[in-house]
Amino acid sequence: MSAIQAQVIATFSRRMRLRLADGGEVTARIKGKRLRPVCGDRVDAEPIANESDWLITRVLERDNALTRPNLRGQTEVLAANIDMLIAVAAATPDPDWFIIDRYLAAAEDLGVDAVVVFNKTDIDDTSQSTTTALDDYRQIGYQAISCSARLGDGMDEIQNAVANQTAIIVGQSGVGKSSMINFLMGGEQQKTADVSSKSGEGKHTTVNSVMLELPGGGRVIDSPGVRDFAPALESAASVIGGYREIEKAGHDCRFANCRHLREPGCAVKAAVETGAISARRHESYRRLLNLTEKLEQPT
Ligand SMILES: Nc1nc2c(ncn2[C@@H]2O[C@H](COP(=O)(O)OP(=O)(O)OP(=O)(O)O)[C@@H](O)[C@H]2O)c(=O)[nH]1
Ligand SMILES: [Mg+2]
Ligand SMILES: [Zn+2]
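Just so it is clear, the model here is predicted, and its values are computed rather than measured.

Draft legend 1. Local environment of the coordination of the magnesium ion (ligand 2). The magnesium ion (ligand 2) binds to the protein through Ser178 (OG) and Thr206 (OG1); the donor distances cover 2.0 to 2.1 Å. Within this pair, whereas serine 178 is found in helix α4 (residues 177-185), its partner threonine 206 is found in the loop between α4 and β12 (210-213), the two being separated by 28 residues in sequence. Pair check on accessibility: serine 178 and threonine 206 agree, each one buried.

In structure tokens, the structure reads:
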């Protein structure tokens, strides 16, 4: 039998789960060392005689890929062919809005829709910093949804947002990504674990990316939680593009190559001073610009 097209729906280092065109699922290994399929990839695969595993022989061209720089400075691909990114923060662990901003910047860079979710409203939904952050996102034009995967509040809004999409759910460990997916799946599909009472951090329960078909429509990729995230951006221009309100205001700066830090006649700084642009978002932009320019320098 010759190769047929399939999609990678789960990765376990070098072993993969594939969904075939007829809806069937098989496990597969990868031909050769050079192929590096990730969750969401479309691949060519063929059965292997006398084995239950299939063999992936080719990775088809990607529409897009969510990446991050790993510790060795290489670009690691997290998932491919997505059309929505859902960035999750929660009442516990303490929300880190800078991480959410950097996920949003990654989504802008990919040209995919992004939604901000604040989970665990049953624990706390009154913190001023959270209310401000969510209001800021809405004002910039992002959908920001508050929910409780435990109680089900707000989960219909998330289901509506992902219907007809292939979305990746990202965020710190322990924010409840897998719990949200379990709620939407209507059962315990994905393993979850308590946030550590000692450190207040999640336990990195999800270790592999897995794509699930939701009964209410749409597909979601559960992904391992992170301590930190920064997109592998190419240039200052892509950092600016990652902050849509900064990019927009920047059209009125005196200098076309304004970096929106200390330049004279900077419309972005002026907007930060009047409060039209959130000072926290501008600080977030400054940090990502710094980081991106540091990575650009040969060391
Ligand atoms: N109170 C409350 N707890 C929740 C809610 N959603 C999830 N949790 C709990 O938060 C803990 C972490 O949830 P997970 O779903 O494992 O979190 P995760 O984001 O998938 O974490 P990683 O896989 O480590 O990245 C679990 O104990 C969940 O039961 C919620 O809405 N309210
Ligand atoms: Mg998880
Ligand atoms: Zn400027």
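Draft legend 2. Quick peek at helix α2 (residues 128-140). Compared with an ideal rise of 1.5 Å per residue, which puts 13 residues at 18 Å, α2 spans 18 Å between its outermost C-alpha atoms and is within 8% of the ideal. Three or more residues of α2 are buried, namely Thr130, Ala133, Leu134, Asp136, Tyr137 and Ile140. Down the axis of α2, the buried side of the element spans an arc of 155 degrees, and every buried residue falls inside it. Along α2, exposed side chains directed more than 90 degrees from the buried face belong to Gln128 and Gln139. A positive phi of about 115 degrees marks glycine 141, the residue just after α2.

Draft legend 3. Region of interest: the site of ligand 1. In the region of ligand 1, 23 residues are neighbours, and Asp122, Ser173, Lys177, Ser179 and Thr206 sit closest. The separation between a nitrogen atom of ligand 1 and a polar side-chain atom of aspartate 122 is 2.7 Å. Relative to its free-state accessible area of 660 Å², ligand 1 is covered by the protein chains to the extent of 94%. Considering each element in turn, the shell around ligand 1 owes the most residues, 3 residues, to α4. Looking at the shell around ligand 1, its residues break down into 5 nonpolar, 13 polar and 5 charged.

Definitions and limits used
- Residues numbered from 1 in each chain as written.
- Chains lettered and ligands numbered in written order.
- Predicted model: local features only at pLDDT ≥ 70, side-chain atom pairs only at ≥ 80, totals over all residues.
- Heavy atoms only, no water.
- Donors = N, O, S within 2.8 Å, 3.2 Å for Na, K, Ca; no water.
- Helix = DSSP H or I, 4+ residues; strand = E, 2+ residues; numbered from the N terminus.
- Buried < 20%, exposed > 50% of the residue type's maximum accessible area, 1.4 Å probe, protein only.
- Expected span 1.5 Å × (residues − 1).
- Arc of directions from axis to C-beta.
- Near = heavy atom within 4 Å.
- Polar contact = N/O pair within 3.5 Å; in protein donor to acceptor, adjacent residues only side chain to side chain.
- Areas by Shrake-Rupley, 256 points an atom, 1.4 Å probe, with all protein chains shown as cover.
- Nonpolar A, V, L, I, M, F, W, Y, C, P; charged D, E, K, R; others polar.

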